[in-house]
Amino acid sequence: MRGSQFGTVLGSEIDGKRGLINAPRIRTLTLCQLTLSVVRLGWATRKLLESMVGCWIFVLLFRRPLFALISELFHEGSQSKEDEAFQLSVGAKQELLLLVGFAGFVSTNLRAAPSDRLFASDASLQGAGLCSSVISRFATLELCRVAEQRGYYTRVDTSTLGAFDARTGGIFKDPDFSIPKVLHEGYLWDFCEVFRGSGILSHCHREAGLRVHQGFELQTGSTGNILECSTMLRIVGLICRRVIRCFHVAPVCCTFGTLRKPRL
Amino acid sequence: MRSIIREHLRVFVCISNWLVLGRPKSFTLNFRQPHSAAQRAMLSSLEQSLRLWYRLASGHSSGLERAYGKFTHLHDHLSRLETATSQVRSHLDPYGRSSFSSSKEKPDEGPSGASSGKPVMCKASQASTALQVEPDRLVFEHPPSFHAEGYIADPLLKSGFLNPAHLRAPKEDWPKVRPARVMCSRDRLLALFKKWDNVGSFSIIPVSESEVKYRCGLFAVYKNEEKDRQILNPIPENGRAIPVNGSTTSLAHGTLLCGLYLPPHEELVISADDLEDFYHSYVVPQAHAARNHIHGVFESSVFEGWNCWDSKFVGKMVVGCFNTLAMGTSFAVEVAQHSHTTLLQREGCLIPTEQVKYRSPLPRGPVYQLLCIDDFCVLQRLPKELCQSVGPHRAIRLGFVLPRRRL
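Residues numbered from 1 in each chain as written. Chains lettered and ligands numbered in written order. Predicted model: local features only at pLDDT ≥ 70, side-chain atom pairs only at ≥ 80, totals over all residues.

Chemist: Where do I start with unusual backbone geometry in this structure?
Modeler: Excluding glycine, most residues fall at negative phi; most peptide bonds, likewise, are trans. Residue and element names in this part refer to chain B. A cis geometry characterises the amide bond from Gly365 onward to Pro366, with omega recorded as 10 degrees. Relative to the assigned elements, Pro366 resides in the loop between helix H9 (332-346) and strand E7 (367-372). With phi around 50 degrees, Arg23 is a residue other than glycine that occupies positive phi space. (Helix = DSSP H or I, 4+ residues; strand = E, 2+ residues; numbered from the N terminus.)

The structure is reproduced here in structure tokens:
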């Protein structure tokens, strides 16, 4: 194949014009027909079902969220022998029908615009948390690109005791298991002025209900002179600790001439 | 076709609603509102997708390629199950319609235990997708000509390729051996040996140098309407070999491309190569060929006049060996992927920063290279105008000299 915009390579059917990638459609359609036959029959063997689910897993790899459609199929017939015929449960038949119903849409749209929001959630059964933040589309693409490629199994405790623990706090009530506090101090002040002068800006911020640092002013002596090493390090320390949301630095309103004493 | 698409769409909307409502057992439609503009647009888009899907999904069974064998196997299994259920039905309802149709079926096709109260066992006609070896359906046209040892950078793998005994696990770790089976008659095996011999892929060793329980089996799997794929079954030999899988983890698969983003102003152009009979182009030393010893002992005189013949075999009993890299050998994938990767990298065809690999970040593009043993595929994102003005084939040439842009 040379310079083609449509083709089947490495088990995937790619449409380079529309930007679609999916399992070869002819195979998916044939699989649908076989699946409908199994549903119509209502009986299967473990071997037959395993083989069929295996085929569907390959198809679903092209639209991973659709794995949410199947659950019971993975356990169906687990008590039966390999070649022993058993009656399919209602749930398993429903899942097979769902797969057939969704078959026409099991593809990835490569042209789908990346989201401009980043979402984070936990996986607990109780009090699930969800937060989001604005993020650039470039960053979204980068995150998708370098995302963890190899998943690992995380078990959610679905037992009665687990549900009770989730509701009441469980082992996290024990100080030994408590979640340690973050080392980050957080924002202690909202605003700080360097070269405060008469401090009108600080006063206005305080009036607005914000927490304002006392600031730095040359007139107050060496503690306000940024040419003093100790003062400079204090300011740098506040910046590094990230305890102040906003700094306002306004150099003194006087000449930078060489005749000024002390010199700036 | 239009009515089928409409029906499929209706079913899809129904099941989507059913899922959204939490899979209710019953549902009462109290009122029906007209579709909003957004809903109409969505339905139209879905219908368009389905129309495309149905249009591209139709074709001959040959379009199924390798899946044909598996689907046929599934279909056979299903047919036997249908036979089983119809027989059970006829026993339960002897005057029903199904008893007439089931009475016509041959007794040996029925399921075991259908009428005895035991669980209904439904064995498929064959245990797996393995087929009988038909020499006429196996193609060997080219003699092995690729000396891979020059392209194997891993010393352990190279050593194992030249002499598989170096990859053998300690004797105390060898598992219990289950003999492998050659899935064809002795005459057909000889016909196959002759095919191998014609292209220099066959050798013989004295029977004393081949341990019976470690001899290999042979079977075929469906490839297409005309050909099968030959698979050696060296499970006993594989069992006592240590696993080597460094390069195997770099195998690429099409699903990895699902992470690719195609901006509106670009299109994707594909070029791909599939090398014919890749494994069987490897030249292997005699020590390697001896690992591929096949069940079946012959008088050496049978092979007199063949390419593999040597006067030292006169009067001896011999076994045949497949004298090239065999599909089925535990480290065959590793050797093939490793040597092909090294070869392409040395020639500047495979750039590590552009290679799509399993469990590795997808390259930023605009060029994506995928290597899966003998399949080498290159995709490139190119400006839409370039593809439309000069055609994708020429655009890909121009695209290579364009500065490689980042997203």
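Having seen the model, we can carry on.
Chemist: Even after reading the chapter, I still don't get the sheet that holds strand E5 (residues 293-299) of chain B, so can you show me in this structure?
Modeler: Strands in a sheet are paired, the pairing made by backbone hydrogen bonds, and the direction either parallel or antiparallel. Residue and element names in this part refer to chain B. Taken in spatial order, the 3 strands of this open sheet run E1-E6-E5, and their pairing is antiparallel. Strands with a single pairing partner mark the edges of an open sheet, and in this sheet they are strand E1 (202-206) and E5. Strand-to-strand twist across the sheet, computed as the mean angle between neighbouring axes with direction ignored, equals 35 degrees. When E5 meets strand E6 (residues 317-322), the two strands line up antiparallel, connected through 4 bridges. Bridge pairing links His293 to Cys321 in E6. (Pairing = 2+ DSSP bridges. Axes fitted to C-alpha atoms, helices over the stretch in contact; angles between N-to-C directions.)

Chemist: Please explain the environment of Glu304(B) as it appears in this structure.
Modeler: Residue placement: Glu304(B) occurs in the loop between E5 and E6. Note on Glu304(B): 11 C-beta atoms within 10 Å, which makes it exposed. (Buried ≥ 20, exposed ≤ 12 C-beta atoms within 10 Å, placed from the backbone.)

Chemist: Please clarify how the sheet that holds strand E6 (residues 107-109) of chain A should be interpreted in this entry.
Modeler: Residue and element names in this part refer to chain A. Spatially, 4 strands are ordered E1-E2-E3-E6 in an open sheet, and the strand pairing comes out antiparallel. Looking along the sheet, the strands with just one partner apiece sit at the ends: strand E1 (6-9) and E6. The mean angle between the axes of side-by-side strands here comes to 15 degrees, regardless of whether they run parallel or antiparallel. Examined bridge by bridge, strand E3 (residues 20-22) and E6 share 3 bridges and lie antiparallel to one another. Pairing of Asn22 across the sheet is with Ser107, part of E6.

Chemist: Is there a simple way to explain the interface of chain A and chain B in this structure?
Modeler: Bring the parts together and some accessible area is lost; that lost area is often taken as the interface size. Listed per partner, the contact involves 51 residues of chain A and 56 residues of chain B. For the side of chain A that touches chain B, the secondary-structure elements that each account for two or more residues are E1, strand E2 (12-15), helix H1 (25-41), strand E4 (43-45), helix H2 (46-60), helix H3 (90-102) and helix H4 (137-146) of chain A. Here the side of chain A that touches chain B takes 10 residues from H1(A), the largest share from any one element. For the side of chain A that touches chain B, the class distribution of residues is 25 nonpolar, 17 polar and 9 charged. (Contact = placed C-beta atoms within 7 Å. Nonpolar A, V, L, I, M, F, W, Y, C, P; charged D, E, K, R; others polar.)

Chemist: Just checking my understanding: could you explain the nonpolar core for this structure?
Modeler: For soluble globular proteins, the rule of thumb is that nonpolar side chains tend to be buried together. Ranked by size, the top nonpolar core spans 94 residues in total, and within it Val59(A), Leu218(B), Val335(B), Leu370(B) and Cys377(B) carry the most contacts. Broken down by element, this core gets its largest block of residues, 7 residues, from H2(A). Setting aside its immediate chain neighbours within four residues, Leu218(B) contacts Val133(B), Val182(B), Met183(B), Cys184(B), Leu232(B), Asn233(B) and Ile294(B). (Core = buried A, V, L, I, M, F, W, Y, C linked by C-beta atoms within 7 Å.)

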